[in-house]
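Survey of secondary and tertiary structure
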Amino acid sequence: MDYVQQAWAMYIISSGAMLAMMIAAFVIAFHTDATPTEKKDEGAKVKGGEM
Amino acid sequence: MNIAVLAGFLIFLLYLGYAANRKNKKNDIEDYFVVSRSLNVLLTAGTYGASFLSAGAFIGMNATTYAFGWNYAWQNIGSLAGPFFLFLMYVPKFWRVGYYNNCLSMPDLFAKRYHPTWSRALFAGIILIVYTSGLASMYLGLNAVWGYISDLPLMLIVVIAAVVILAYSAFGGARGVSWTDTFCMICIALGVFAIVSMLIPRMGGFTGIIEQFAQAETPEGQMWMEGKDLVTMANAYYTGPMTIAWTMIWFLGNSTQPHQVTRAYLAKNERVARIGIAIGIAVIGVFFWTSWYVASYARINFPNLEKADFALPSVIMDVFPSFLAAFMLIVIVAAIFSTASTMLIIAGQCMGYDIYSKLINRNTSQKKIISVSRVTMVVCSFLAIGIAYIAQSVPTLLFLWASSFAIMGAAIAPSLFSAFYWKGATASGNIASMIVGTGVSLFLYAFPAMQPFGLHPLMPALILSTLTLIIVSKCTKPSSAETLDKFYNPLVRYGEKAARRKGLID
C-alpha cells in the first residue's frame with residue numbers, strides 16, 4: 001500500500017472501531033437492569049444463603 | 001479578556017465547591033466520598049467523562065500526533081477500548097459489590113476480595129504515589145496554555161490552579177468534584193463541538209490533508225518524524241512493538257485507574273452508571289477523532305512550534321475568533337482541573353479512609369476521617385507542585401502521565417480482573433502480583449538499559465505481574481467461601497432482576 005492508502009486505512013479502521021464501541025455502549029447501557037436501591041435494607045434473599 | 005474569562009471560571013468552580021459543601025448535610029464518609037451513591041445520568045456522565053479527558057488527552061494526544069504522525073490512531077483505539085472494557089466487564093459488578101458490601105474505594109474492594117490489611121495498604125500506597133506524580137503532570141499541562149492566558153510565571157499559575165482545585169475538592173468532597181466535573185464536561189463537549197464544526201469544514205478533503213501532512217519537515221533540533229512517515233501505519237518512532245505496548249498502556253490504564261473506575265460507585269444504580277459512562281465514551285470518541293484534523297492542521301500551518309505541546313493551543317488561536325479562543329483555552333484548563341480534582345479526592349480517601357480508619361485507628365470518627373483526607377489532599381498538592389517544578393523540562397507531559405498509567409496497569413489489572421472473573425485468585429497471589437507489577441515497572445523506568453528487547457516497561461511488568469498472580473494463587477490457600485460469596489453470589493453476579501429471572505433468588 002502506498003502512504004495515501006495507509007492513511008485512509010488507518011482513518012477508516014480507527015474511526016470505525018471507535019464508532020462501533022460508542023454504538024455498542026449505548027445499546028448495552030439501555031438494556032442494563034437497575035438494582036432497586038430502595039429495597040437495600042430489606043435485602044433480597046439468595047436461595048440457599050444470606051446476603 | 002482571557003484573564004477575565006479564566007478568573008470567572010475559577011470563581012464559579014469555587015462557588016460549586018461551596019454549594020456542594022452546603023448540600024453535604026449528612027457530612028458522613030459515604031456522602032463525602034461517594035455522594036451516598038446518588039448521582040443521576042448527567043452527573044455520572046459529567047464526572048466520568050471529565051475525569052477521563054485530561055491534559056494528557058487534550059495536550060499530549062495532539063502533541064504526539066503532531067510530532068510523530070497519525071499512527072497514534074492505533075493508540076486511540078486502545079484508549080477508547082479501556083473505558084469500553086470497563087463499561088462492559090466491570091461497571092455493573094463493581095457497582096453491585098460496592099452497594100451490597102458497602103465498598104467506598106478500590107482498595108476497599110481489594111480488601112474484601114483479597115487480604116483485608118495488605119491488599120488495602122499496598123493498593124492505597126500505589127495510588128498515593130502514582131496520583132501525586134499524575135497531579136504534577138496535570139499541573140504541567142497548564143504550561144501549554146498559560147502563555148496564551150496571561151504573562152504570569154508558570155509556577156505561579158500552577159500554584160493558583162493547585163489551590164483552587166484543592167479548595168473545591170477538599171471542601172465539597174465527591175459531590176463538589178462531580179458538580180465541577182460536570183460543568184467542565186459541558187465546556188469540553190461544547191469545545192469538541194466547536195472544533196468539529198469550525199476546523200474540519202475548513203480543511204477540505206481528507207486525501208488533500210494526507211498530501212499536505214506528508215510534506216512536513218522536521219525542524220532543526222527536534223526529534224520529530226517527517227514526510228511520508230507521518231501518515232504511514234508505523235514509522236521509526238512508533239514501530240509495531242512500540243505501538244502495541246503504548247496501546248496496552250492506555251487500554252489497561254483506562255480500565256483500571258481508580259479515579260475513573262470509582263465514578264461507577266457514585267451512580268444511583270448500575271443502569272445509571274452504564275448510561276452515564278456510555279455518554280462519556282461518546283464524547284471521548286468524538287474528541288479522539290478530532291486529533292486527525294487538529295494535529296495535521298497544526299503541523300501543516302505551524303511546523304516550527306517550540307514544543308509539540310503547543311499544537312492544540314496554536315490551532316485554537318488561529319481558527320477561532322478571539323472570544324471563542326478564550327473559551328477554548330478554558331476548555332483545556334477545565335479538562336486539566338476535572339481530572340486533577342478526581343485524583344486528589346481519591347488520594348485523600350486512600351489516606352483518610354483506607355489507611356487511617358481501616359489500618360491505623362479503627363475506632364476513629366467519621367469527622368476525623370474526612371479531616372485526615374483533607375490534610376492529605378493539601379500534602380499531595382504541595383508535593384505535586386514540587387514535582388511539577390522539577391519536571392518542567394520533561395519533553396512532553398505525556399511521558400509523566402503515561403508512566404503513571406503503566407505502573408497502575410501492571411500492578412492492578414490482573415488482580416482487578418481476577419476479583420470478578422477468577423475464583424482461584426488468592427490474597428497472597430494479589431499481594432505478590434501488585435508488588436511485582438509496581439516493582440518491575442519502577443525498576444525499568446529507572447534503568448531503561450535493562451528493558452528486555454527494548455520493550456516498554458509495561459509489557460514485562462504486566463507479564464510478570466500476571467504470571468505471579470497465577471503461580472502464587474495456585475500455590476497458596478484459596479479464598480474462603482464467605483469471601484467469594486461477596487463477589488460471586490447471584491445478586492452481585494447478575495443483578496437482582498436477572499437473578500430473579502434465572503430463579504436464583506426468592
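Not measured: the values here are computed from a predicted model. (Residues numbered from 1 in each chain as written. Chains lettered and ligands numbered in written order. Predicted model: local features only at pLDDT ≥ 70, side-chain atom pairs only at ≥ 80, totals over all residues. Heavy atoms only, no water.)

Our focus in this paragraph is the packing of aromatic side chains. Note on aromatic pairs: each is described by the distance of the centres and the angle between the planes. Within the structure shown, the criterion is met by 41 aromatic pairs over all chains. The interplanar angle of 50° and the centroid separation of 4.7 Å between the aromatic rings of F110 of chain B and F123 of chain B together place this pair among those described as tilted. Here F110 of chain B, found in helix α6 (residues 106-113), pairs with F123 of chain B, found in helix α7 (residues 118-141); they are 13 residues apart in sequence, far enough to count as distant. Neither F110 of chain B nor F123 of chain B differs from the other in exposure class; each is buried. Ring pairs connect the aromatic residues W8 and Y11 of chain A together with W70, F206, F213, W289, W292 and Y293 of chain B, which therefore count as one cluster. (Phe/Tyr/Trp six-rings, centres within 6.5 Å; stacked < 30°, edge-to-face > 60°. Helix = DSSP H or I, 4+ residues; strand = E, 2+ residues; numbered from the N terminus. Buried < 20%, exposed > 50% of the residue type's maximum accessible area, 1.4 Å probe, protein only.)

Taken residue by residue, the interface counts 37 residues in chain A and 53 residues in chain B. With both chains or domains summed, chain A and chain B bury close to 4,200 Å², and 71% of this area falls on carbon and sulfur atoms. For chain A, the biggest contributors to the area lost against chain B are Y3, M10 and Y11 of chain A; these three give 17% of the whole. On the surface where chain A and chain B come into contact, there are one salt bridge. For D33 of chain A, the salt bridge goes to R501 of chain B, with nearest N and O atoms at 2.9 Å. (Contact = heavy atoms within 4.5 Å. Buried area = accessible area lost by both parts, 1.4 Å probe. Salt bridge = Lys/Arg side-chain N within 4 Å of Asp/Glu carboxyl O.)

In this structure, F58, W70, L109 and F337 of chain B are the most contacted members of the largest nonpolar core, which totals 201 residues. The element that contributes the greatest number of residues to this core is helix α17 (residues 322-360) of chain B, accounting for 21 residues. Setting aside its immediate chain neighbours within four residues, W70 of chain B contacts A7 and M10 of chain A together with T65, F206, I209, I210, F213, L230, V231, W292 and S296 of chain B. (Core = buried A, V, L, I, M, F, W, Y, C linked by side-chain atoms within 4.5 Å.)

In this section: helix α1 (residues 2-23) of chain B. All names here are of chain B. Over its 22 residues, α1 runs 32 Å from end to end, which matches the ideal 32 Å to within 8%, given 1.5 Å per residue. Residues N2, L6, F9, L10, L13, L16, G17, A19 and A20 constitute the buried set of α1. Residues of α1 that are buried sit in contact with α8 (143-149), α9 (154-198) and α17. (Expected span 1.5 Å × (residues − 1).)

Helix-helix packing is characterised by the crossing angle of the two axes and by the distance between the axes. All names here are of chain B. At a closest axis distance of 9 Å, the pairing of helix α15 (residues 270-301) and helix α16 (residues 311-319) adopts a crossing angle of 80°. By the criterion of interaxial angle, the relationship of α15 to α16 is roughly perpendicular. In this structure, α15 contributes V294, Y297 and A298 to the contact, and α16 contributes A311, L312, S314, V315, D318 and V319. Split by residue class, the contact of α15 with α16 holds seven nonpolar, one polar and one charged. (Axes fitted to C-alpha atoms, helices over the stretch in contact; angles between N-to-C directions. Parallel < 35°, antiparallel > 145°, perpendicular 65-115°, else oblique. Nonpolar A, V, L, I, M, F, W, Y, C, P; charged D, E, K, R; others polar.)

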